[in-house]
Amino acid sequence: MSDKPKENKNVTNERKSLNFIHTIVEQDLREGKNSSRIHTRFPPEPNGYLHIGHAKAIQIDFGTAEKYGGKCNLRFDDTNPVKEEVEYIDSIKADIHWLGYDWEEREFYASDYFGRLYDFALDLIKNGLAYVDDQPSEIIAVQKGTPSVPGTVSPYRNRSAGENLDLFQRMNAGEFPEGSRVLRAKIDMASPNMHMRDPVIYRIINHPHHRTGNTWKVYPMYDFAHGQCDYFEGITHSLCTLEFEVHRPLYDWFIDQLMTDEYRPRQIEFNRLNLTYTVMSKRKLLQMVRNGVVKGWDDPRMPTLCGLKRRGYTPDSIKKFINSIGYTKFEALNDFSLLEFAVREDLNKKAPRVMAVLDPLKVVITNYPEGRTEQLETINNPEDPSMGSRNIPFSREVYIERSDFMEDPPKKFFRLGPGTEVRLKSAYIIKCEDYLKDKNGNIIELHCTYDENSRSGADTSGKKVKGTLHWVSVLHAVRSEIRLYDRLFMDPELDGHKERDFMEFINPDSLKVIEGFVEPGLAEAKPFDHYQFQRTGYFNLDPDSSREKLVFNRTVPLRDTWSKKK
RNA sequence: UGACCCGUAGUGUAAUUGGCAACACGUCUGAUUUUGGUUCAGAAGAGUCCAGGUUCGAGCCCUGGCGGGUCAACCA
């Protein structure tokens, strides 16, 4: 026993580097801001499906709350009834749950606060901080100026509070047509920040809202809703992406008008997720769905969460990937291989190994008794002994991968060639004695002999072979559809081509459908079950599968150092 | 031409109060292996956008450039 001072665990923890957001959060915690509460929110607009970029936001929102013992609200940002629909709400909730996060009873909507927002607008008017503008949007746009030229003042800017109040209330009563009038905050038409040049905060929309029906004729703009909702909910840290950076002064301006005590929410912006060979904007994803480039939002080639799920990505792999790329203020372009690394790493631990032959070549083991079938034991996952083992049937004829035989193999080819020996995984060592070709010179069948003393686990042959092949018994094989996916686009940096449409870069071979053979046990697979098809890649069962036909998706191929050498 | 943000190996992130530029992916070796997977060992690759300044000492601070991004929806 030594009484030498041991390292303090907390100090060790502090040594870990934090991302800049958590650095700020910890600073705020130390300073006792907002009574040392941490409360975040994830604010999706219900107008589309969530993609992996949203997962990055979800992870910092829910993850920060989790890490610091706070809460995270789910708040649908539904301020525009024309663009938003109920149907998206359920899919968004399902995707967040799939990732493993929960908002408990705190499911909110910006529309929950329409009344308070309206009252706040009334207050601004009374305080001379908002006015009704009768000009059409084109004129208002012109008066806004440009980033380098200050704006000019609206002729309606100095209406009396009484007149503004009257007009705004009548706007909401439906007395005026859409587009005829807006409510603007009275801030500074000469501000270098365009968002401060008397931003529009309310517009007239004659469209039923999915939650409030026809109660309202005026709807708040994003800038007039978001920060205020944060305030109403007691949010402490409002995390969003970089493009909202210029909105922050406006966010703060409204909070300034709202504050009654020490509490105030703070907006912090981080970089959005960009991936090579991938488009992320809702608009472009929608275009691909509409044009039939993909089969739907959950097409396994899509970067949507439902697409990634169907492709075979796990929530853990996505979280791991997001953690590895971090949160900064630098607009980065992340290499797709990082995402692939993350799934492989996760699935390597979780996915049972199975036999599946994608491009079959028949092998007849000429000295194996006809009509005989053996059950051979094989391990389910060498990375995890607790996953146990199972039996697979072996017989006189098996399929192997066509690429595992070469008539004239190069020197370091460890597979089958005329006269060479190889082990069939979990079975016997076989030797290629002969091969048959069709008229066109294609190899159609191999004749091999096996060494009956070489059975796996009971090998007394003393032979050593370099190669081990996967196989499946012809008699017992289950024919399956296998969908091989490749990247959707052929260019790594799609946004780098300003003058060209992203659709020009679509990869015509992003989906290849083949028929292969899998071991019989796979008939029991359930949709979304993950497997490693030994030596070829990670696959999962697609929900298109039926009792009659199994359909597998290739999540990602195994790392392959051999093919690279060639 | 305006305001704001950002510039660290090929990619993405680190680097205590200024103190030998580190990690992951990728790439390349080699070992092990009944998956050419996994695992293990190792290598190459930046001198931190540029130029000044402060300092004993700067990736960190200051000034000026250069480069990239964002902002001119009654979208979010």
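Criteria and cut-off values
Residues numbered from 1 in each chain as written. Chains lettered and ligands numbered in written order. Predicted model: local features only at pLDDT ≥ 70, side-chain atom pairs only at ≥ 80, totals over all residues. Heavy atoms only, no water. Helix = DSSP H or I, 4+ residues; strand = E, 2+ residues; numbered from the N terminus. Expected span 1.5 Å × (residues − 1). Buried < 20%, exposed > 50% of the residue type's maximum accessible area, 1.4 Å probe, protein only. Arc of directions from axis to C-beta. Polar contact = N/O pair within 3.5 Å; in protein donor to acceptor, adjacent residues only side chain to side chain. 1 Å grid on protein atoms, 1.4 Å probe; cavity = no way out; pocket = protein on both sides within 12 Å on 5 of 7 lines; lining within 4 Å. Points joined across faces, edges and corners; volume = space filled by probe spheres on them. Nonpolar A, V, L, I, M, F, W, Y, C, P; charged D, E, K, R; others polar. Salt bridge = Lys/Arg side-chain N within 4 Å of Asp/Glu carboxyl O. Contact = heavy atoms within 4.5 Å. Pairing = 2+ DSSP bridges. Axes fitted to C-alpha atoms, helices over the stretch in contact; angles between N-to-C directions. Domains from an automatic or database assignment. Buried area = accessible area lost by both parts, 1.4 Å probe. Phe/Tyr/Trp six-rings, centres within 6.5 Å; stacked < 30°, edge-to-face > 60°.

## Remarks on helix H2 (residues 20–31)
In step 1: A rise of 1.5 Å per residue sets the reference length of H2, with its 12 residues, at 16 Å; its end C-alpha atoms lie 17 Å apart and thus fit the reference within 8%.
In step 2: Among the residues of H2, Ile 21, His 22, Ile 24, Val 25 and Asp 28 are the ones counted as buried. End-on view of H2: buried residues confined to an arc of 155°, all on one side of the axis.
In step 3: You can read the cap of H2 off the contacts: a side-chain oxygen lies 2.9 Å from the backbone nitrogen of Ile 21, and it is on Asn 19.
In step 4: Looking one or two places after H2, you find Gly 32, whose phi comes out positive at around 70°.

## Focus: empty space enclosed by the protein
In step 1: Applying the stated criterion to the full structure yields two cavities of 30 Å³ or more.
In step 2: Considering only enclosed or pocket space, the largest cavity measures out at about 40 Å³ in volume.
In step 3: Residue lining of the largest cavity: Tyr 222, Asp 223, His 226, Gly 227, His 247, Leu 250, Tyr 251 and Gln 267, and that is the complete set.
In step 4: For the lining of the largest cavity, the secondary-structure elements that each account for two or more residues are helix H8 (222–233) and helix H9 (248–258).
In step 5: Tallying contributions element by element places H8 first for the lining of the largest cavity, with four residues.
In step 6: Its residues placed into classes, the lining of the largest cavity shows three nonpolar, four polar and one charged.
In step 7: In this structure, the second largest cavity is lined by Met 355, Ile 392, Pro 393, Trp 471, Val 472, Ser 473, Glu 519 and Pro 520.
In step 8: Going through the elements one at a time, strand S14 (389–394) and strand S20 (471–473) are the ones with two or more residues in the lining of the second largest cavity.

## A short note on the pattern of salt bridges
In step 1: Scanning all chains against the criterion turns up 48 salt bridges.
In step 2: For Arg 75, the salt bridge is made with Asp 230, and the minimal N-O distance between the two is 2.7 Å. You can see Arg 75 sitting in strand S2 (residues 71–76) and its partner Asp 230 sitting in helix H8, a full 155 residues away along the chain. The pair Arg 75 / Asp 230 is uniform in exposure class, with both members buried.
In step 3: Among the ionic pairs, Glu 107 bridges to Lys 93, the shortest N-O distance being 3.1 Å.

## Details of unusual backbone geometry
In step 1: With phi around 60°, Tyr 277 is a residue other than glycine that occupies positive phi space.
In step 2: Structurally, Tyr 277 can be placed in the loop between strand S9 (266–270) and helix H10 (282–290).
In step 3: Notably, Ser 426 is not glycine yet its phi reads approximately 65°, a positive angle.
In step 4: For Ser 426, the location among the structural elements is in the loop between strand S16 (421–424) and strand S17 (429–437).
In step 5: Judged by relative accessible area, which is 12%, Ser 426 ranks as buried.

## Details of the side chain of Thr 304
In step 1: If you trace the backbone, Thr 304 turns up in the loop between H10 and helix H11 (305–311).
In step 2: According to the relative accessible area criterion, Thr 304 is buried, its value standing at 0%.
In step 3: For Thr 304, the side chain forms a polar contact with the main-chain nitrogen of Gly 307, separated by 3.1 Å.
In step 4: In contact with Thr 304, not counting residues within four places along its chain, are Tyr 49, Leu 50, His 51, Leu 285, Trp 297 and Asp 298.

## Some points on the sheet that holds strand S6 (residues 200–204)
In a beta sheet, neighbouring strands are held together by backbone hydrogen bonds and run either parallel or antiparallel to one another.
In step 1: Taken together, four strands build an open sheet; the order of strands is S4-S5-S6-S7 and the sheet is antiparallel. In this open sheet, the two strands that pair with only one neighbour each are strand S4 (130–133) and strand S7 (218–220). The average angle at which neighbouring strand axes cross in this sheet is 25°, direction not considered.
In step 2: Relative to S7, S6 runs antiparallel, the two being bridged by three bridges. Paired with Arg 203 across the two strands is Tyr 219, which belongs to S7.

## A few points about the pairing of S17
In step 1: Where S16 meets S17, three bridges bridge the pair, whose relative direction is antiparallel. Paired with Glu 421 across the two strands is Lys 431, which belongs to S17.
In step 2: What sits between the antiparallel neighbours S16 and S17 is a turn of four residues, in which Ser 426 has the positive phi angle 65°.
In step 3: Linking S17 back to strand S18 (residues 443–451) in an antiparallel pair, the connection comprises five residues, with Gly 441 at a positive phi of about 90°.

## Section: the sheet that holds strand S1 (residues 39–42)
In step 1: One open sheet holds the three strands; their spatial order is S1-S2-S3, and the pairing between them is parallel. Unpaired on one side and paired on the other, S1 and strand S3 (107–109) mark the two borders of the sheet. Put simply, the sheet's adjacent strands are angled 35° from each other on average, direction ignored.
In step 2: Inspection of the sheet shows S2 paired to S3 by three bridges, in the parallel sense. Bridging from a neighbouring strand, Leu 74 pairs with Glu 107 of S3.
In step 3: Strands S1, S2 and S3 of the sheet are contacted by helix H4 (residues 87–99), whose axis makes an angle of about 160° with S2.

## Quick word on the domain arrangement of chain A
Many descriptions give the size of an interface as the accessible area lost when the pieces come together.
In step 1: One can read the domain layout of chain A as domain 1 (15–270), domain 2 (275–352 + 480–565) and domain 3 (356–470).
In step 2: Inter-centroid distance (C-alpha atoms) of domain 2 to domain 3 is 30 Å.
In step 3: The interface is formed by 20 residues belonging to domain 2 together with 22 residues belonging to domain 3.
In step 4: Carbon and sulfur atoms make up 58% of the surface buried where domain 2 meets domain 3, a total of about 1700 Å² over both sides.
In step 5: Three residues, Phe 517, Arg 535 and Trp 562, lead the burial of domain 2 against domain 3; their summed loss comes to 39% of the area buried on that side.
In step 6: Counting every contact that joins domain 2 to domain 3 gives two salt bridges.
In step 7: Between Asp 404 and Arg 535 there is a salt bridge, with the nearest N and O atoms lying 2.3 Å from each other.
In step 8: Mapped onto the side of domain 2 that touches domain 3, the elements with two or more residues apiece are helix H13 (336–350), strand S21 (478–485) and strand S22 (511–518).
In step 9: Considering every element that reaches the side of domain 2 that touches domain 3, the biggest residue donor is S22, with five residues.
In step 10: Considered class by class, the residues forming the side of domain 2 that touches domain 3 number 11 nonpolar, four polar and five charged.

## A look at the packing of aromatic side chains
In step 1: This model, assessed by the stated rule, comprises 31 aromatic pairs.
In step 2: Summarising the aromatic geometry, the rings of Phe 76 and Tyr 109 are spaced 5.1 Å apart at their centres and angled 25° between planes, so their arrangement reads as stacked. Taken as a pair, Phe 76 in strand S2 and Tyr 109 in strand S3 lie far apart in primary sequence, 33 residues in all.
In step 3: Among the residues examined, Tyr 109 registers a relative accessible area of 4% and is labelled buried.
In step 4: On the basis of an interplanar angle of 55° and a centroid distance of 5.4 Å, the ring pair of Phe 405 and Tyr 435 is categorised as tilted. Of this pair, Phe 405 sits in the loop between strand S15 (397–401) and S16 while Tyr 435 is found in strand S17, placing the two residues 30 residues apart along the sequence.
In step 5: Its relative accessible area of 6% is what places Phe 405 among the buried residues.
In step 6: Overall, Tyr 435 belongs to the partly exposed group, its relative accessible area being 25%.
In step 7: One aromatic cluster is present, built from ring pairs that chain together Phe 114, Tyr 118, Phe 120, Phe 168, Tyr 202, Trp 216, Tyr 219, Phe 224, Trp 253 and Phe 254.

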